[in-house]
Amino acid sequence: MIEQMIIAGAGGQGIMLVGKVLAESAMRENKFTTWLPSYGAEVRGGSAFCMVSISDEEIPSPYVEEIDTLIVFNQISLKRFISFLKLQGLLILNSSLVSSNINKKKSKIISFPFTEIAIKLGDIRIANMVALGVYLKQKNILKPETVFKTLREIISADKKSLLEINLKAVKEGMRIG
Amino acid sequence: MKKEKILISGNEAIGEGAIQAGCFFYAGYPITPQNELTAYMAKRMLQEKRIFIQAESEVSAINMVLGASSCGFRAMTSSSSPGISLKQEGISYLAACQLPAVIVNIMRAGPGLGNVFPAQSDYFQATKGGGHGDYHSIVLAPSNIQEAFDFMFLAFDLADKYRNPVMILGDGILGQMMEPLRLSVVSGQLSDRYNLKTKNRKLKAKSWALTGCKKRSPHIIRSLYLKQKEIEELNLLLQKKYKTIKQKESRWQEVDIEDAKVIMVAYGTMARIAKGVVKKLREKNKKIGLIRPITLWPFPQRVFERICQRRIIFLVIEMSYGQMLEDVKLAVEGRAKVEFLGRGGGGIPKEQEILHKIESLKI
């Protein structure tokens, strides 16, 4: 098994974090994993993406071009990466910011207004975690408990209030996904 | 809390490896894609009560390393391609002074200021000297995050053993990507981020170091020899050392080469991709293998000498336009066919491109 994915959006939407949580959770489940960020002169609001691979075997290239899953948080990212998605790949869209009117018939398209859901949950910044929850529900690659454990460890003790809302967001994503 | 494995970037793994290998002095100047290494050292070296300096330039940083090394400390600097070009004068001086030092180059696309994307186009510069004069740095090419960490121990040990600069040659992908790292060395002081600890290595005092000459005759470290005969003698000494290094220190990895008809030759990130190709084609019973040079200088000639008698095609794959290719051709000496696939300027030869190339060889 190898799962290759791209998570893309704007700088500040928590794109890198979703990827890191997935990679760290994969590591905790003793899988092989790589995480490769877009890097350079990156800015808040600019384009941001990361490439994540999870596998039972050694991963050849951390740079991926034929992906199983694409998670996009803004319109530009969809345009940029849709051609990377395999014929029957999974596309997860943030319909608050992305028009889901796309011509990719054989792909499985899952679309939710992540930004609006996040605002309702109490913090716009957790849209990324709602999407993560949807992904966990859609693909049975990582155990949700592992992801919760990862979040508990990477969110430091002095930001305990953020932990709760992040966990809540992932759970909400799993519920609707 | 003790953790067996951590998720860490290549840049940070190199930094932590250096610290655990006993690096006491770091000087550097920021440049993408190795910035996380400088940032990591800025934080961790102070925690360890060692020395970190953000120098005013790359030239300054390499000369600070020369100074620290003269005094017997394990010293290192890091940069990316354009910055490494600036350091070449200092590296030549290190080689002439026979001073150990570790230099990390996380390569980006050139020539010139180029851009920040990954490349392997500094191979010539790294392996053929780079600066002026007849000298070589020992060059190690890690291919994953585990090696990025582990090779730092080897790098400092080789530098001290031969009193010679050692270069770690990686690319932007290796520096930026994260992968699980299994920590082998744990004891000593705590770090806050990953609960990492430092191995308390007892390093031997260096008999040649400048430590103050009270009650002994002065040690002299220099690269200026005004008499013609003197500098020739130094060169002969260096050549003798390089011969020993060539005999004893060449390292490589072989993947399925014994019955292979096509043997790819690739290093660093490119070798990972090639390894995936070997696996894919072996499943279809294609006789394909891979030689991955681990030391780029000394180049692992011996493995080519061993297998060259047979009718095989070597396929050199690089993220550059035929640099390691020349070393492969020198090692093969016309005894086998050598083919090439390469892309530069941030382009990476992809699995599909490699498969097409192999198919075109019609074996």
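Now for a quick tour of the structure.

Basis of the calculations
- Residues numbered from 1 in each chain as written.
- Chains lettered and ligands numbered in written order.
- Predicted model: local features only at pLDDT ≥ 70, side-chain atom pairs only at ≥ 80, totals over all residues.
- Heavy atoms only, no water.
- Salt bridge = Lys/Arg side-chain N within 4 Å of Asp/Glu carboxyl O.
- Helix = DSSP H or I, 4+ residues; strand = E, 2+ residues; numbered from the N terminus.
- Buried < 20%, exposed > 50% of the residue type's maximum accessible area, 1.4 Å probe, protein only.
- Phe/Tyr/Trp six-rings, centres within 6.5 Å; stacked < 30°, edge-to-face > 60°.
- Lys NZ or Arg CZ within 6 Å of the ring centre and 35° of its normal.
- Axes fitted to C-alpha atoms, helices over the stretch in contact; angles between N-to-C directions.
- Parallel < 35°, antiparallel > 145°, perpendicular 65-115°, else oblique.
- Left-handed = near helix turned anticlockwise from the far one by under 90°.
- Contact = heavy atoms within 4.5 Å.
- Nonpolar A, V, L, I, M, F, W, Y, C, P; charged D, E, K, R; others polar.
- Pairing = 2+ DSSP bridges.

1. Describing the pattern of salt bridges
Two side chains bearing opposite charge may form a pair once their charged atoms approach each other closely.
All names here are of chain B.
Item 1. Tallied over the entire structure, the rule returns 32 salt bridges over all chains.
Item 2. Residues Arg-74 and Asp-160 are paired through a salt bridge, measuring 2.9 Å at the closest nitrogen-oxygen approach. Taken together, the residues span a long stretch of sequence, with Arg-74 in the loop between helix H3 (58-70) and strand E4 (75-79) and Asp-160 in helix H7 (residues 145-162) at a distance of 86 residues.
Item 3. For Arg-74, a relative accessible area of 6% corresponds to the buried category.

2. Regarding the packing of aromatic side chains
All names here are of chain A.
Item 1. The final tally for this structure, using the stated rule, is 11 aromatic pairs over all chains.
Item 2. Aromatic rings pair up to connect Phe-49, Phe-81 and Phe-84 into one cluster.
Item 3. Positioned above the aromatic ring of Phe-148 is the side chain of Lys-171, whose terminal nitrogen or guanidinium carbon lies 5.2 Å from the ring centre.

3. Thoughts on the packing of helix H10 (residues 268-283) of chain B against helix H13 (residues 351-360) of chain B
Each pair of packed helices can be summarised by the angle the axes make with each other and by the distance between the axes.
Residue and element names in this part refer to chain B.
Item 1. It is at 10 Å that the axes of H10 and H13 come closest, and there the two elements cross at 55°. Looking at the two axes, H10 sits oblique to H13. The two elements H10 and H13 cross, and the hand of that crossing is right-handed. Every residue of H13 that contacts H10 at Met-270, Ile-273, Val-277, Lys-280 and Leu-281 is listed here: Glu-351, Ile-354, Leu-355 and Ile-358.
Item 2. A breakdown of the residues in the contact of H10 with H13 according to their chemical character gives seven nonpolar, no polar and two charged.

4. Re the sheet that holds strand E13 (residues 313-318) of chain B
Strand pairs in the sheet, formed through backbone hydrogen bonds, run parallel or antiparallel to each other.
All names here are of chain B.
Item 1. Sheet architecture is open: five strands sit in the order E9-E11-E10-E13-E14, paired in mixed fashion. Because the sheet does not close on itself, it has two edges, and the strands there are strand E9 (252-255) and strand E14 (337-342). Across the sheet, the mean angle from the axis of one strand to that of its neighbour is 20°, orientation sign disregarded.
Item 2. As defined by bridge partners, E9 adjoins strand E11 (residues 288-293) across four bridges and the pair is classed as antiparallel. By the bridge assignment, Gln-253 is partnered in E11 with Arg-292.
Item 3. Sitting on the sheet, helix H12 (residues 324-332) touches strand E10 (262-265), E11, E13 and E14, and the angle it makes with E13 is about 160°.

5. Observations concerning the sheet that holds strand E2 (residues 25-28) of chain B
Residues and elements named next belong to chain B.
Item 1. Taken in spatial order, the seven strands make up an open sheet running E3-E2-E4-E5-E7-E6-E12, and their pairing is mixed. At either margin of the open sheet sits one strand with a lone partner, and together these are strand E3 (51-54) and strand E12 (295-297). The average undirected angle you get between the axes of adjacent strands in this sheet is 20°.
Item 2. As judged from the four bridges shared by E2 and E3, these two strands associate in the parallel manner. Opposite Tyr-26, over in E3, you have Phe-52 as the bridge partner.
Item 3. Contacts between helix H2 (residues 35-47) and the sheet are confined to E2, E3, E4 and strand E5 (101-107), with E3 contributing the most and set at about 140° to the helix.

6. With respect to unusual backbone geometry
Item 1. Cis peptide bonds are those with omega within 30 degrees of zero, and the linkage from B:Thr32 to B:Pro33 qualifies with 5°.
Item 2. Summarising the element assignment, B:Pro33 is placed in the loop between E2 and H2.
Item 3. You will see that A:Asn30, though not glycine, has its phi angle at about 60°, which is positive.
Item 4. Its place among the elements puts A:Asn30 in the loop between helix H1 (15-28) and strand E2 (32-37).
Item 5. According to the relative accessible area criterion, A:Asn30 is exposed, its value standing at 58%.
Item 6. Look at B:Asn285: it is not a glycine, yet its phi comes out positive at around 60°.

Interpretation in functional terms is not warranted from these geometric data alone.
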